[in-house]
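Take a look at the letters that make up each chain.
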Amino acid sequence: MKKQIKTWSTLNLKQHFKLINFPEYQREPNVWSRDAKEKLIDSMVRQFDIASFYFYVNDDGSMDCVDGRQRIGTIMSFLGENDNDKNDNGFMFRMSNEIYEDKEHDYSYLQNNSYKKLEKLAKTDPLAKKLVKAFDDYELTIILLSESNKAEEFNLQFTRLNLGTIINSGEKLHAMVGELRDECFKGIGKHKFLETTNVPTRRYSREQLAAQIIAQVFSFESSREKVEREYERTRHFDLQRLFKLHTTLGDPEKNWIAKTKQVMDRLKPAFSKLSTLKSRAIVVSTVLLAYEADNDSDEYANQLAEFIDEFIYRLKWQAQKGFDADPEYRYLINFQRHVTQASVEKPAVKERDDVLKKQFVFWQRSKSLRGDKEYKKRTGEDPSIESRTNRQKQIE
């Protein structure tokens with residue numbers, strides 16, 4: 001494994017934030033208390049040293065957060081840029097000192113102000129300007145990992161890095177027993193289709209992904225006779241409960257699992273030449289889309305693979321633009337939000353499922369995505385994957 005050590009300022013982290021993926025096998029995004037968050041900001045303002053941030057750099061330039069999710073979330077919340085932190089986004093600056101009395105510190109009177117308010121004060125107040133600069137310019141130690149030859153090596157890296165910490169969700173699920181657990185860890189979690197994706201193998205992330213897929217399949221099949229299609233939330237405790245409910249599998253459940261494997265059997269060759277699928281949320285949605293279609297032809301699988309490749313290409317292209325996304329593709333930005341924020345919640349799964357269904361039907365009819373025709377007419381540029389080489393420079 002290759003390791004590179006860099007130094008980023010807080011503002012550098014903010015700039016890179018949109019390229020950082022937070023694997024679902026990590027802890028919940030907002031585990032820290034408000035007090036812990038305030039202490040981190042206080043430490044940065046005081047220029048105390050804080051723990052390093054570890055990222056695995058993917059071939060497409062995106063980064064998987066290996067260690068530091070809570071700290072990143074805290075920093076982004078203080079900046080007011082963390083929409084996933086409903087309770088504490090934009091929380092106030094507060095000095096903290098559990099060792100000695102510190103009431104006379106120069107920054108004391110700046111407490112109970114948000115970062116954005118401190119920025120405004122900094123225009124006329126020298127101490128506020130000093131505080132904001134100390135935070136903005138704070139030097140973060142960044143460890144960039146890449147070129148791991150073996151998935152097992154990454155598991156070892158995690159183990160050594162997190163000695164003495166609580167085991168993650170995938171490891172907890174692995175410790176469970178029962179027939180559904182075995183299907184996810186010995187069957188679907190090891191399926192060749194998942195090997196065609198860029199979903200990592202470390203710390204049972206593929207096995208946890210298999211459990212998320214099965215949870216949605218079970219929910220779909222159980223609601224077939226109902227007026228409205230149901231979806232399942234797949235946080236760790238939800239998957240744990242699912243395993244407990246299905247320590248023994250009945251014939252219907254065995255048939256649903258067998259069908260899931262058949263669907264993935266067809267998807268495997270169709271996706272084998274692509275490197276598109278990396279997001280666990282999109283993998284779940286892709287398998288679910290194929291499962292619900294109930295189409296066992298190779299032609300369907302190939303069409304789906306081509307569509308997903310084009311869809312994700314445009315998704316990445318527009319996501320890089322953020323607020324400057326082209327108006328024809330605003331729906332992609334909304335889709336991206338349901339990939340990166342609360343992706344395992346029912347509304348997010350439903351939204352992704354609905355969008356992919358509609359867009360795939362559109363694709364099958366026109367071999368284009370919604371917005372392509374309008375974009376080309378407005379700009380004269382070809383938005384399709386054929387222009388990947390030229391536009392890749394923009395994405396990078």
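Conventions used here
- Throughout this description, residue numbers start from 1 for each chain and increase along the sequence as written.
- Reporting in this predicted model follows two pLDDT cut-offs: at least 70 for local features of residues, and 80 or more for side-chain atom pairs to be given and counted; totals over whole chains, interfaces and linings ignore these cut-offs and use all residues.
- Where side-chain values are given, they derive from all heavy atoms of the structure, hydrogens and water being excluded.
- Here a strand is any run of E in DSSP of at least two residues, a helix any run of H or I of at least four, and the numbering for each starts at the N terminus.
- Partly exposed residues are those whose accessible area sits between 20% and 50% of the maximum for their type, while under 20% is buried and over 50% is exposed, using a 1.4 Å probe and protein chains only.
- In this analysis, two residues are considered to be in contact whenever any of their non-hydrogen atoms come within 4.5 Å of each other.
- Computed with a 1.4 Å probe, the accessible areas rest on the Shrake-Rupley method; for each residue, only the protein chains presented here act as cover.
- Geometry is summarised by axes, namely lines fitted to C-alpha atoms with helices restricted to the contacting stretch, and by angles between N-to-C directions that run from 0 to 180 degrees.
- Our angle categories are set so that under 35 degrees counts as roughly parallel, over 145 as roughly antiparallel, 65 to 115 as roughly perpendicular, and the remainder as oblique.
- Crossing handedness follows the turn of the near helix against the far one: under a right angle anticlockwise gives a left-handed crossing, and clockwise gives a right-handed one.
- Side-chain classes are defined by residue name, with Ala, Val, Leu, Ile, Met, Phe, Trp, Tyr, Cys and Pro counting as nonpolar, Asp, Glu, Lys and Arg as charged, and the others, Gly among them, as polar.
- Put simply, two rings from Phe, Tyr or Trp (the six-membered ring, in Trp's case) pair if the centres are within 6.5 Å, and we call them stacked under 30 degrees between planes, edge-to-face over 60, tilted for the rest.
- For a ring to carry a charge above it, either NZ of a lysine or CZ of an arginine must fall within 6 Å of the ring centroid while also lying within 35 degrees of the normal to the ring plane.
- Nonpolar cores were defined as sets of buried Ala, Val, Leu, Ile, Met, Phe, Trp, Tyr and Cys residues, with membership established by side-chain atoms within 4.5 Å.

Draft legend 1. Structural view of the overall build of the chain. Across its full length, the chain holds 18 helices and 5 strands. Within the chain, the fraction of its 396 residues that count as buried is 51%. Counted over contacts in the chain with a minimum sequence separation of 6, partners at least 24 positions apart contribute 70%. When the accessible surface of the chain is split by element, carbon and sulfur atoms take 48% of a total near 20400 Å².

Draft legend 2. Seen up close, the packing of helix α12 (residues 251-271) against helix α14 (residues 298-321). It is the contact of α12 with α14, at a shortest axis distance of 9 Å, that shows an interaxial angle of 55°. By the angle between their directions, the pair α12 and α14 is classed as oblique. Crossing geometry of α12 relative to α14 is assigned as right-handed. Residues Arg266, Leu267, Ala270 and Phe271 of α12 form the contact with α14, whose participating residues are Ala301, Asn302, Leu304, Ala305 and Ile308. Here the contact of α12 with α14 is composed, by residue class, of 7 nonpolar, 1 polar and 1 charged.

Draft legend 3. Looking closely at the packing of aromatic side chains. Applying the stated criterion to the full structure yields 18 aromatic pairs. A centroid spacing of 6.4 Å and a plane angle of 50° characterise the contact between phenylalanine 307 and tryptophan 363, whose relative ring orientation is tilted. Here the residue phenylalanine 307 occupies a position in helix α14, and tryptophan 363 occupies one in helix α16 (residues 346-366), the gap between them amounting to 56 residues. There is no split in this pair, since phenylalanine 307 and tryptophan 363 are both buried. Summarising the aromatic geometry, the rings of tyrosine 329 and tyrosine 375 are spaced 5.8 Å apart at their centres and angled 50° between planes, so their arrangement reads as tilted. Of this pair, tyrosine 329 sits in the loop between α14 and α15 (330-340) while tyrosine 375 sits in helix α17 (residues 372-379), and the two are 46 residues apart along the sequence. Looking at tyrosine 329, the relative accessible area reads 0%, which means it is buried. Overall, the relative accessible area of 3% leaves tyrosine 375 in the buried class. Lying over the aromatic face of phenylalanine 53, arginine 71 brings its terminal NZ or CZ to 4.8 Å of the ring centre. Here the guanidinium or amino end of arginine 181 rests over the ring plane of phenylalanine 185, the centre of that ring lying 4.9 Å away.

Draft legend 4. Up close: the nonpolar core. Grouped together as the largest cluster of nonpolar side chains are 59 residues, with contacts concentrated most on Leu180, Phe193, Leu267, Val283, Leu304, Phe307 and Phe311. By residue number, the principal contributor to this core is α14, which donates 10 residues. Here phenylalanine 311 is in contact with Tyr331, Leu332, Phe335, Val355, Leu356, Gln359 and Leu369, once residues within four sequence places are set aside. Among the nonpolar cores identified, the runner-up in size contains 33 residues, and Leu13, Met63, Leu79 and Tyr138 belong to it.

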